[in-house]
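Topology and contacts: notes
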Amino acid sequence: MRVIPASRSKQWLFWGAMSWLATTLLFWLVRFVILGQPWTTVHAFRFLLVALVVSAFAAISGWLGARWLALSTLAGNLLGLLFMAFASRGNTGWEDLSSLLVYLELLGLGLVIGVVLELVLLFAGRAGRRRG
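Report follows, based on the coordinates.

Conventions and cut-offs
Residues numbered from 1 in each chain as written. Predicted model: local features only at pLDDT ≥ 70, side-chain atom pairs only at ≥ 80, totals over all residues. Heavy atoms only, no water. Phe/Tyr/Trp six-rings, centres within 6.5 Å; stacked < 30°, edge-to-face > 60°. Helix = DSSP H or I, 4+ residues; strand = E, 2+ residues; numbered from the N terminus. Lys NZ or Arg CZ within 6 Å of the ring centre and 35° of its normal. Axes fitted to C-alpha atoms, helices over the stretch in contact; angles between N-to-C directions. Parallel < 35°, antiparallel > 145°, perpendicular 65-115°, else oblique. Left-handed = near helix turned anticlockwise from the far one by under 90°. Contact = heavy atoms within 4.5 Å. Nonpolar A, V, L, I, M, F, W, Y, C, P; charged D, E, K, R; others polar. Buried < 20%, exposed > 50% of the residue type's maximum accessible area, 1.4 Å probe, protein only. Polar contact = N/O pair within 3.5 Å; in protein donor to acceptor, adjacent residues only side chain to side chain. Core = buried A, V, L, I, M, F, W, Y, C linked by side-chain atoms within 4.5 Å.

1. A closer look at the packing of aromatic side chains
- Within this structure, the stated rule accounts for five aromatic pairs.
- Note on F27 and Y103: the rings are 5.1 Å apart at their centroids and 75 degrees apart in plane angle, and the pair reads as edge-to-face. With F27 in helix α1 (residues 11-34) and Y103 in helix α4 (residues 95-131), this residue pair connects regions lying 76 residues apart in the sequence.
- Here a set of aromatic residues connected by ring pairs shows up, and it is made of F27, F47 and Y103.
- Over the ring of W63 we find R8, and its NZ or CZ is 4.6 Å from the ring centre.

As structure tokens, this is what we get:
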């Protein structure tokens, strides 16, 4: 678990910033390059804000000590963006909404896995303290 920074570490700021940058760039890549939509500042800014919310949630979770929640959220975010890029190829109109749905499902799956992992670790730690 050396990959994940310790809680209350300043490395979480770096992780959050890098996640924000990568998420924003991948959103823009899908929207404006793969889907071929014209550049609009409004849409670019909205994607930037979505990326900020997801990245800030993961970084704050990790900083507060929910390191597995942060890691699984970041993993779900990355997988969701990659699958979104693949699902967006050759699609126009309503089909591009399916790629957004794929992203949201994988992001949500990462979040749920992280919550389950944190709860398992919490209850396992409590059970271990009662026995010992």
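Resuming the write-up.
2. What to know about the packing of helix α2 (residues 41-64) against helix α3 (residues 67-88)
- Where α2 meets α3, the closest approach of the two axes is 7 Å, and the angle between their N-to-C directions is 155 degrees. The angle between the axes of α2 and α3 places the two elements in the roughly antiparallel class. Considering only the axes of α2 and α3, their crossing is left-handed. Residues V54, F57, A58, S61 and G62 of α2 pack against R67, L69, A70, T73, L74 and N77 of α3.
- Tallied by class, the residues present in the contact of α2 with α3 amount to six nonpolar, four polar and one charged.

3. Notes on the environment of F14
- Along the chain, F14 falls in helix α1.
- Along the chain, F14 and A59 lie 45 residues apart, while their C-alpha atoms are 8.7 Å from each other.

4. Observations regarding unusual backbone geometry
- One non-glycine residue, R8, lies in positive phi territory at about 65 degrees.
- With respect to the helices and strands, the residue R8 is situated in the segment before α1.
- R8 gets classed as exposed once you look at its relative accessible area, which sits at 52%.

5. Thoughts on the side chain of S9
- Structurally, the position occupied by S9 is in the segment before α1.
- Among the residues examined, S9 registers a relative accessible area of 17% and is labelled buried.
- Of the polar contacts made by the side chain of S9, one reaches the backbone nitrogen of Q11; its length is 3.1 Å.

6. Focus: the nonpolar core
- Of all hydrophobic cores here, the largest spans eleven residues; its members are F27, V30, L35, F47, A51, V54, L81, M84, A85, Y103 and L107.
- Where this core is concerned, the elements lending two or more residues are α1, α2, α3 and α4.
- Apart from the residues lying within four places of it in its own chain, the contact partners of Y103 are F27, V54, N77, G80, L81 and M84.

That's the geometry; what it means functionally is another story.
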